[in-house]
Amino acid sequence: MRPFRDLRRLWRPLPPLPPLSLRLRLILRLAGLLLLVLLVGGAAIASLLRSDQRMRALVADSLSPVSDVGRIQNNYSDSLNALTHAGLTRLPSAVEEAKTLIQSNRVDIERRWHELQASGLGREQAQLLALTDTHRKAAEQVMNEAIGQLDTEQYDLAQLQIASDVQPSFAPLHADFANLFAKALQAGNDAVAAEHAASRRMLAYLLVLLIVGLLVIGVRFGRKVYWRSWGLVAS
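Rules of the game
Residues numbered from 1 in each chain as written. Predicted model: local features only at pLDDT ≥ 70, side-chain atom pairs only at ≥ 80, totals over all residues. Heavy atoms only, no water. UniProt positions renumbered as here; feature names shortened; annotations may be inferred. Axes fitted to C-alpha atoms, helices over the stretch in contact; angles between N-to-C directions. Helix = DSSP H or I, 4+ residues; strand = E, 2+ residues; numbered from the N terminus. Parallel < 35°, antiparallel > 145°, perpendicular 65-115°, else oblique. Left-handed = near helix turned anticlockwise from the far one by under 90°. Contact = heavy atoms within 4.5 Å. Patch = residues over 30% accessible without salt bridge, like charges linked within 9 Å, V, L, I, M, F, W, Y side chains within 5 Å. Areas by Shrake-Rupley, 256 points an atom, 1.4 Å probe, with all protein chains shown as cover. Salt bridge = Lys/Arg side-chain N within 4 Å of Asp/Glu carboxyl O. Buried < 20%, exposed > 50% of the residue type's maximum accessible area, 1.4 Å probe, protein only.

As recorded in an unreviewed UniProt entry, the protein goes by the name MCP four helix bundle domain-containing protein, listed as coming from Dyella koreensis. The annotation that UniProt attaches to the protein under Subcellular location (unreviewed entry) is "Cell membrane".

Below, the structure is given as structure tokens:
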């Protein structure tokens, strides 16, 4: 038993920690409040940054492709109308105007087509874009044939070419554009729904964090007021 008595003799209770000064307690409380503010503010800033990234993705992957598809479709419609008008009027000036407009539209179409292929919609709908590109090239081929006939003043053949080949070639192209519109709008709606759900989740996280912080502060000060009311805590 002697070893145990020696151990008890060596053991001494640790001295109690000195009470915190009023200044130190105020500093700790202020530090706690600042930490709570930093947590809530940091979470809010992170939420805003993620929301900004999602909005940029929405514009790049959904809204911009919708604009590109609409402009490409309008350019093809204008080109077809100009070609049809030139075939009906049989005027060299109308033929030149149609050729100028068609060439200008093709430059704009190619630029927007490359942007569409590089967009999120283009990557997701690569197969549909490939089919649309096939129909697009077929329509341009018969348009070139009609333009060649108008240049050589073969107006009867040009009118026949426009009615039997050019105009029917635009039917599958319009169907492709309608499908692309539907896909782009669906992707936009899905992105908006995801953004709404993410915003609601982040709002819930912030509210929980704020409520927890307020509860901790309330319990801390509530306990102090309770014990002070019994005269157990010095003012």
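Caption draft 1: Region of the structure containing the packing of helix α3 (residues 92-118) against helix α5 (residues 126-151). Taken N-terminus to C-terminus, the directions of α3 and α5 make an angle of 165°; their axes are 12 Å apart at the nearest point. The orientation of α3 relative to α5 falls into the category roughly antiparallel. Considering only the axes of α3 and α5, their crossing is left-handed. For the pair formed by α3 and α5, the contact residues are Val95, Glu96, Lys99, Ile102, Arg106, Ile109, Glu110, Trp113, Leu116 and Gln117 on the first element and Leu129, Thr132, Asp133, Arg136, Glu140, Met143, Asn144, Ile147, Leu150 and Asp151 on the second.

Caption draft 2: Quick look at unusual backbone geometry. Positive phi is not limited to glycine here, since arginine 90 has a value of about 60°. In this fold, arginine 90 is placed in the loop between α2 (22-89) and α3. The residue glutamate 153 is not glycine, and still its phi comes out positive at about 60°. Tracing the backbone through its elements, the reader meets glutamate 153 in the loop between α5 and α6 (155-229).

Caption draft 3: Representation of a nonpolar patch on the surface within the structure. Where nonpolar side chains cluster on the molecular surface, the patch consists of Leu203, Leu207, Ile211 and Leu215 and spans about 390 Å² of accessible area. Residue classification places leucine 207 among the partly exposed positions, given a relative accessible area of 44%.

Caption draft 4: Structural context of the pattern of salt bridges. Applying the stated criterion across every chain, the model contains twelve salt bridges. Here glutamate 115 makes a salt bridge to arginine 111, at a shortest N to O gap of 3.4 Å. Taken together, the residues glutamate 115 and arginine 111, both in helix α3 and four residues apart, mark about one turn of the helix. Exposure remark for glutamate 115: the relative accessible area of 37% places this residue in the partly exposed category. When its relative accessible area of 41% is taken as the criterion, arginine 111 is described as partly exposed. The partner of arginine 136 in a salt bridge is glutamate 140, with the nearest N and O atoms 3.7 Å apart.

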